[in-house]
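One-letter residues, chain by chain:
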Amino acid sequence: MYMAYGWPQVIPLEQGLCPSSQKIIYLKVINGLLLVVSPSHLELWSSSQHKVRLGKHMRDADSLRSQGENLQAVWSPDAKFIALLTSSFFLHLFKVQFSEKKIQLGGGKQPSAVYLATISPLLTEQLPFAHKDITLSNIVSDSKHMLLGLSDGSLYSISWKGEFYGSYELDPIPRGGPLSHSLDNGVATKGVPGTIPANKCVPAIIQLELCLPLRLLFVLYSDGQLVSCSISKKGLKHPESIKAEKRLGDGDAVCTSVASEQQILAVGTKRGVVELYDFAESVSLIRSVSLYDWGYSVEDTGPVSCIAWTPDNSAFAVGWKLRGLTVWSVSGCRLMSTIRQIGLSSVSSPVVKPVNECKFEPLMGGTSLMQWDEYGYRLYAIEERSLERILGFSFGKCCLNRGVSGMTYVRQVIYGDDRLLVVQSEDTDELKMLHLNLPVSYISQNWPVQHVAASKDGMYLAVAGLHGLIIYDIRFKKWRVFGDITQEQKIQCKGLLWMGKIVVVCNYIDSTNTYELLFYPRYHLDQSSLLCRKSLLAKPMVMDVYQDYILVTYRPFDVHIFHVKLFGELTPFTTPDLELSTVRELSIMTAKSHPAAMRFVPDQLPRERISDNHMSNSDPLLKEPARCLILRVNGELSLLDLDDGRERELTDSVELFWVTCGQSEEKSNLIEEVSWLDYGHRGMQVWYPSLGIDPFKQEDFLQLDPELEFDREVYPLGLLPHAGVVVGVSQRMSFSACTEFPCFEPTPQAQTILHCLLRHLIQRDKREEALRLAQLSAEKPHFSHCMEWLLFTVFEADISRQSANKNQNSVPKYAKNSSLLEKTCDLLRNFPEYFDVVVSVARKTDGRHWADLFTAAGRSTELFEECFQRRWYRTAACYILVIAKLEGPAVSQYCALRLLQATLDESLYELAGELVRFLLRSGREYEQASTDTDRQAPSSPRFLGYFGFRSSNRKQSLDKSSSFKEQSAHVASVKNILESHASYLMSGKELSKLVAFVKGTQFDLVEYLQRERFGCARLENFASGLELIGQKLQMSILQSRFDAEFLLAHMCSVKFKEWIVGMIFQEVTSG
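Residues numbered from 1 in each chain as written. Predicted model: local features only at pLDDT ≥ 70, side-chain atom pairs only at ≥ 80, totals over all residues. Heavy atoms only, no water.

Visitor: Explain the overall build of the chain here, please?
Guide: Scanning the chain from terminus to terminus reveals 25 helices and 55 strands. When the 1071 residues of the chain are sorted by exposure, 55% land in the buried category. At a minimum sequence separation of 6, the contacts of the chain that also span at least 24 residues come to 57%. Surface summary for the chain: the accessible area is close to 47,400 Å², and the carbon and sulfur share equals 50%. (Helix = DSSP H or I, 4+ residues; strand = E, 2+ residues; numbered from the N terminus. Buried < 20%, exposed > 50% of the residue type's maximum accessible area, 1.4 Å probe, protein only. Contact = heavy atoms within 4.5 Å. Areas by Shrake-Rupley, 256 points an atom, 1.4 Å probe, with all protein chains shown as cover.)

As structure tokens, this is what we get:
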């Protein structure tokens, strides 16, 4: 996972000799060097910690005039040679040479590993087809030869020595069939096959994409056709050995990029959509990603212009022709975007605007080229029609539990090239991101950060750069480093693990080309404190640790498990002995892709069974894990039995996973029942243990909890087991008037999984455990939301099951026992949130199923009465519609009248107004409306807002014709209640409440005053009227002045002269 942070860095470029083509033609990073080729010159920069221009070559005006501007370029894989093709078809070969003296940078005492470079020309030759009317594609190359595509559909081969091997016409009609396609961000759906007519002219080749590890060449034609071709072992020297295999896409491809490690091909289209193809076994479409769901269409962004994969192939950047770039994960999570998310009506538009209006958004004019550095910490991008600068976006990487470094899910860390971004959650419930800068004395000599591992409790972080390692104590905020720098430089860390208080380092010995494990205590990094040194057979592919066991896997798939035994106490004052013994070796033969991560899966036994059996931790055979999870590079997740070597596939399209069972012995751990969690394009999935035939049962959030799936802008980082939440991170941007570009800020977010854990316990009749877990979480801010989703998902599943049984005319076997819905309601009754939760679930479901819900939850009138007695009037009001549906209009009117009187007594006038409108439209109108729809009530939008329903009806006031002129019984009851309350307020001279009452209930005060005969609104004299207005309506407050004007308007309508004169006088004196 990659997340942008900080402000984009600007790298200025030399201005050329006013070329006609306002475009950078080539951008490439190799071995810490950045090559930029413009139409008139070349520049070579360092892409390491310090961005320095190391060399350049400027072509003179005569060369540009006679041989043309630079048109295409390619850099040899060893970074020693550069080839240029000009617009007049001249080939220029350059050699890159470095001086022997290092450059002094940053004012440090030690010189940096940066050398000045000289770019010198080797030869200049004109291509044989120089006088033909032909155009060129980009150039691809291996270590010996270059290959370019021509507009006549042929391929042309050139050696790095300047030898021309001639062209070969490639047959664009593949031998295999076309592929399926999809237009959305989901899985592929079958499309309509297309064919290339045999008599059609061969279109021009506009792009070549070479994948040497897989011996594949992808050829993109001007008509949007993309063809995959196979390459012989001889390489690119003989183009005739290149054979077309299959055609991809829908015929609208404009660019392509291949991820060789993941074996995924990304294809950019004219529609602004990127399609991902899996060509590991049979080439097929995985999914498509675009900005459509964020409100941006192809008219806003234009077609895709370029795609760039991260070095580890776990994410890819997409640039558009008209505007911006975005970074996506393989699963379709949007990790970063330069396009402002403020809607389509914003000033940001696909039309290029002046500089002052384009401020705050990078790459407003579109993206022409992109390139990641070799570590994935920096994404270089060039804007369309820009020659003067390169933008560098800083990225942090998440510890994805891959390879030979372990990371606990308790501590969420993103690491950049010189810092750590740590999620802070200890002090408050609010998650914060802490930027932790590494000591300058260490990172300046060992840039960049390469491995990070957190201890099991998350309190210590081990960080390794190019050499050595350092340890950070989060509790005391202190760093621990090697005291002897010579010892530090002897360590080339290739992986980190924590084993209790011991740091395990996978060290590479350069002199012998071997690997070893080093065991250091966390309190002292020194050769004298080294506990053990274990030589490894080869370079480890993946590693893991659980308690006293270490798993090491070599290529192709050899698994070795070591047991660690410590003799003596591990303290700063003693040096105990540590022994490693091999307890298990497996050699597995498989044709599957190699593992990206492996984790031990401990046996999951209840705590009471452990105590009953009196298991001893001293017996290694009892606690040695017998299984492990395997995540392969292609996203396949499987379970390996270490006893017999059998492997069982579980799921696919997985990016990361966390093993949670057996990781904590504390009683406050809320995820003890979970075996592991995984994340992929389906969202989050939870796996539970089962004692049945199938040893594990999977619960998919996407199926059971549709809104629990992580937002496609939030990427999960880890878990907080004591809170029962998954911690993710999303991008935010902050803007400042003093900077040209925004600052990218990774922001942590929490997603609860508590309701899934509770449902799992209830399903297994573990009611006491479920109640204990809920009580532990009752004080959490997300508790009420979790309870609501628990009841909602269980109720939805109950509805679906009833529909299925109804269709099959069958009765469920467990009909005699308590249903899961009843068990869930029994659990929720232990908490005061129960009444809000039940009615909230009711408003989210179809009214036809309310009877089933309240059969399990309790009678609606009883729940209403309980809320009424507790004076939870707003919650009680939500039950009115349910009562009307289940008990009839008469009962609902009775309850609403009681609630109306209570809300008036409590001065809840807005809620009282909604009850008034409900009562006036109930009865016959209610019955007629209920036949039209079961889910909408005939009341105003505000009342529907209290009840949680939506309506398109406009708010209507109580006028004479619709309310008090009617003489029905329920209207008379409402009228009497309102008039009685109005009389009470006037008698008590509660003028502010009177205004709120009239506004909230739409009470017709004018009509009432015209009929009023009891003198409750009469003033004794003019002086007392002024005094009353001054006391009851504080004229110094703006709202009180509005209230006075409101009453004045009503008095004018009734012609109450004392009120009118008194209030006007009060206005004058207060003004």
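Let us keep going from here.
Visitor: What is the right way to look at the confidence of the model for the chain in this model?
Guide: Keep in mind that low pLDDT regions are not for reading the predicted coordinates in detail. Residues at a pLDDT of 70 or more form 78% of the chain, whose mean pLDDT is 81. Segment residues 606-621: pLDDT under 50, and 13 contacts once partners within four positions in sequence are set aside and those in other chains are kept. (pLDDT = per-residue confidence, 0-100.)

Visitor: Which parts of the structure should I look at to understand the sheet that holds strand β8 (residues 81-86)?
Guide: Sheet strands pair by backbone hydrogen bonding; their relative direction is either parallel or antiparallel. Judged by pairing direction, the sheet is antiparallel, and its 4 strands sit side by side in the order β7-β8-β9-β10 without closing on themselves. Looking at the sheet topology across the chains shown, the edges are occupied by β7 (70-75) and β10 (115-126). Taking each pair of neighbouring strands and ignoring which way they run, the sheet shows an average axis angle of 25 degrees. Of the strand pairs in this sheet, strand β9 (residues 90-102) and β10 are connected by 10 bridges, and their pairing is antiparallel. Opposite L91, over in β10, you have E125 as the bridge partner. (Pairing = 2+ DSSP bridges. Axes fitted to C-alpha atoms, helices over the stretch in contact; angles between N-to-C directions.)

Visitor: How should I be thinking about the nonpolar core in this particular structure?
Guide: Soluble globular proteins tend to bury their nonpolar side chains together. Counting 127 residues, the largest nonpolar core has V327, F393, Y879 and F997 as the members making the most contacts within it. Here this core takes 10 residues from helix α10 (residues 783-808), the largest share from any one element. Among all residues touching F997, those that are not within four sequence positions of it are L904, Y909, L978, H981, A982, L985, Q1002 and F1003. In terms of nonpolar packing, the next biggest core, distinct from the first, is built from 39 residues, I25, L44, L54 and L127 among them. (Core = buried A, V, L, I, M, F, W, Y, C linked by side-chain atoms within 4.5 Å.)

Visitor: What is the right way to read the packing of helix α12 (residues 834-843) against helix α15 (residues 873-886) from this model?
Guide: To characterise two packed helices, one gives the angle between the axes of the helices and the distance between these axes. Relative to each other, α12 and α15 sit at 40 degrees, their axes nearing to 10 Å. Compared by their axis directions, α12 and α15 come out oblique. Our pair here, α12 against α15, has a crossing hand that is left-handed. Taken together, the residues of α15 that come into contact with α12 (itself represented by F835, D836, V838, V839 and A842) are T875, C878, Y879 and V882. Considered class by class, the residues forming the contact of α12 with α15 number 7 nonpolar, 1 polar and 1 charged. (Parallel < 35°, antiparallel > 145°, perpendicular 65-115°, else oblique. Left-handed = near helix turned anticlockwise from the far one by under 90°. Nonpolar A, V, L, I, M, F, W, Y, C, P; charged D, E, K, R; others polar.)

Visitor: Any chance you could explain the sheet that holds strand β17 (residues 226-230) here in plain terms?
Guide: The strand order β15-β16-β17-β18 describes an open sheet built from 4 strands, whose pairing is antiparallel. Two strands bound the open sheet, and with one partner strand each, they are β15 (205-211) and β18 (243-248). Direction aside, neighbouring strands of the sheet carry axes that sit 25 degrees apart on average. Here 6 bridges tie β15 to strand β16 (residues 216-221), and the two strands are oriented antiparallel to one another. Residue pairing in the sheet places L208 in a bridge with V219 of β16.

Visitor: I would appreciate a short explanation of the packing of aromatic side chains in the present structure.
Guide: Ring pairs (aromatic) are described by centroid distance and by the angle formed between their planes. As enumerated under the stated definition, the model contains 28 aromatic pairs in all. Ring geometry for W309 against F316: centres 5.0 Å apart, planes inclined by 50 degrees, an arrangement best described as tilted. Of the two residues, W309 and F316, neither departs from the other in class, the shared state being buried. Among the aromatic side chains, those forming a connected cluster through ring pairs are F89, F129, Y156 and F164. Directly above the aromatic system of Y377 lies the positively charged group of K397, at a separation of 4.6 Å from the ring centroid. Above the plane of the ring of F868 lies R898, whose end atom (NZ or CZ) is 4.4 Å from the centre. (Phe/Tyr/Trp six-rings, centres within 6.5 Å; stacked < 30°, edge-to-face > 60°. Lys NZ or Arg CZ within 6 Å of the ring centre and 35° of its normal.)

Visitor: Before we go on, may I ask you to explain the pattern of salt bridges in this structure?
Guide: Two side chains carrying opposite charge are able to pair once their charged atoms lie near each other. In the structure shown here, the tally under the stated rule is 34 salt bridges. Here E14 makes a salt bridge to K56, at a shortest N to O gap of 3.2 Å. Separated by 42 residues along the polypeptide, E14 in the loop between β2 (9-12) and β3 (26-30) and K56 in strand β6 (residues 53-58) bring together distant segments of the chain. The exposure class of K56 is partly exposed, given its relative accessible area of 39%. (Salt bridge = Lys/Arg side-chain N within 4 Å of Asp/Glu carboxyl O.)

Visitor: Looking at this structure, I do not really get the side chain of S48. What am I missing?
Guide: Mapped onto the elements of the fold, S48 is located in the loop between β5 (41-46) and β6. With residues up to four places along the chain from it excluded, the contact list for S48 reads G32, V114 and W447.

Visitor: Sorry, what's going on with helix α17 (residues 909-920) here?
Guide: Spanning 12 residues, α17 covers 16 Å between terminal C-alpha atoms, matching the ideal 16 Å at 1.5 Å per step. By the criterion of burial, α17 is predominantly enclosed, with 11 of the 12 residues buried. Buried within α17 are the following residues: Y909, L911, A912, G913, E914, L915, V916, R917, F918, L919 and L920. (Expected span 1.5 Å × (residues − 1).)

Visitor: Help me understand helix α9 (residues 767-777), please; the structure alone is not making it clear to me.
Guide: For an α-helix, the turn length of 3.6 residues means that residues three or four places apart are oriented alike. Restricting attention to buried positions, one finds in α9 the residues A770, L773, A774 and S777. All buried residues of α9 lie within an arc of 100 degrees about the axis, which places them on one face of the element. (Arc of directions from axis to C-beta.)

Visitor: Explanation requested: the pairing of β7 in the structure shown.
Guide: Taking burial as the measure, the 6 residues of β7 include 5 buried ones, the bulk of the element. The sheet contact formed by β7 and β8 spans 5 bridges and is antiparallel. Among the inter-strand pairings, N70 is bridged to a residue of β8, identified as T86.

Visitor: What is the right way to read unusual backbone geometry from this model?
Guide: Across residues other than glycine, the phi torsion is negative in most instances, and most of the peptide bonds are trans. With an omega of 0 degrees, the peptide bond running from W447 to P448 counts as cis. Looking at where P448 falls in the secondary structure, it is placed in the loop between α3 (440-446) and β33 (451-454). A cis amide bond, omega 0 degrees, links R555 with the succeeding residue P556. One non-glycine residue with positive phi stands out, namely N31, at about 55 degrees. Tracing the sequence through the fold places N31 in the loop between β3 and β4 (33-37). A residue is classified by how much of its surface remains accessible, and N31, at 54% relative accessible area, is exposed. Positioned with a positive phi, A79 is a non-glycine residue whose angle comes to about 65 degrees. Following the sequence through the fold, A79 ends up in the loop between β7 and β8. The exposure class assigned to A79 is buried, which follows from its relative accessible area of 6%.

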